[in-house]
Amino acid sequence: KHCYNKNTIKYYYQESCINLTVVGVRSSLKIMGKFKNKKMSIILDTGSSISAISNELANNLIITEDSEHIYGAGGEILENLGNTEVVIEIGGQVFHVEVKIIKNLSSKIILGTDFASQNAAELNFKTGKVSLREIQTSNLVEVPMIWKSGENINIHTINKENWITEQCAALH
């Protein structure tokens with residue numbers, strides 16, 4: 001069972017214990033890059049198997065029809081307008097990226113695990129840097145991570161029954 005407030009926190013609990021895990025839902029890992037010579041933040045999404053751009057960025061691109069069904073993180077169906085290859089510059093290095101074009105995507109650019117695995121991405125939380133090795137040239141770039149933080153991740157022990165009554169009522 002869970003209660004959900006889309007602006008702040010998801011609360012999960014287990015029936016068999018009284019531990020509560022509070023997970024921030026508004027955190028995203030970003031890096032800075034350039035698309036069509038315009039500097040912008042790019043989301044690195046380890047929960048996405050695809051890379052995507054918003055239809056807002058798709059002007060003057062050659063788009064191939066694509067009937068694959070794409071689902072968002074919340075399970076909602078996203079409108080896939082096709083796919084294309086784009087050039088994204090990160091840390092001075094050019095990356096050629098196959099992307100889906102998604103109507104009204106929540107972010108302008110999302111690089112998923114397809115991009116991360118192709119370019120040997122390494123996230124170093126100790127140094128706060130992302131390393132990428134461009135596959136065609138093997139050039140290595142390191143860029144700083146940018147966090148858009150929501151709530152911190154915390155684990156609390158509580159009286160489950162009291163929490164359910166108080167928190168669920170407060171969220172609705």
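Refer to the preceding data block for the structure.
Attention in this report is confined to the structure presented alongside it. (Residues numbered from 1 in each chain as written. Predicted model: local features only at pLDDT ≥ 70, side-chain atom pairs only at ≥ 80, totals over all residues. Heavy atoms only, no water.)

## A word on the pattern of salt bridges
Rule in force here: Salt bridge, as applied in this entry: a Lys or Arg side-chain nitrogen positioned within 4 Å of an Asp or Glu carboxyl oxygen. Secondary structure elements follow DSSP: runs of H or I no shorter than four residues count as helices, runs of E no shorter than two count as strands, and numbering proceeds from the N terminus.
Applying the stated criterion to the full structure yields two salt bridges. One salt bridge connects Lys-100 with Asp-66, and the closest N-O pair in it is separated by 2.3 Å. With Lys-100 in strand β10 (residues 93–102) and Asp-66 in the loop between β6 (52–54) and β7 (70–71), the pair connects residues that are 34 residues apart, well separated along the chain. For Glu-68, the salt bridge is made with Lys-100, and the minimal N-O distance between the two is 2.7 Å.

## Describing the sheet that holds strand β14 (residues 140–144)
So the rule is basically this: Pairs of strands are assigned from DSSP output, requiring at least two bridges between the strands. Each axis is a line fitted through C-alpha atoms, taken for helices only over the stretch in contact, and angles between the N-to-C directions span 0 to 180 degrees.
One open sheet holds the three strands; their spatial order is β12-β13-β14, and the pairing between them is antiparallel. Each end of this open sheet is capped by a strand with a single partner; those strands are β12 (122–124) and β14. Each strand axis lies, on average, 20° off the axis of its neighbour in the sheet, ignoring direction. As defined by bridge partners, strand β13 (residues 129–133) adjoins β14 across five bridges and the pair is classed as antiparallel. The partner of Ser-131 across the bridge, within β14, is Glu-142.

## Some remarks on the pairing of β10
How we decide: Between buried and exposed lies partly exposed: a residue is buried under 20% and exposed over 50% of the maximum accessible area for its type, with that area taken using a 1.4 Å probe on protein chains only.
The buried fraction of β10 amounts to seven of the 10 residues, a majority that puts the element mostly inside the structure. Here three bridges tie β6 to β10, and the two strands are oriented parallel to one another. Along β10, the bridge assignment pairs Ile-53 with Ile-101. In this structure, strand β9 (residues 80–90) lies alongside β10, joined through 10 bridges in antiparallel fashion. Counterpart to Asn-80 in the pairing with β10 is Ile-102.

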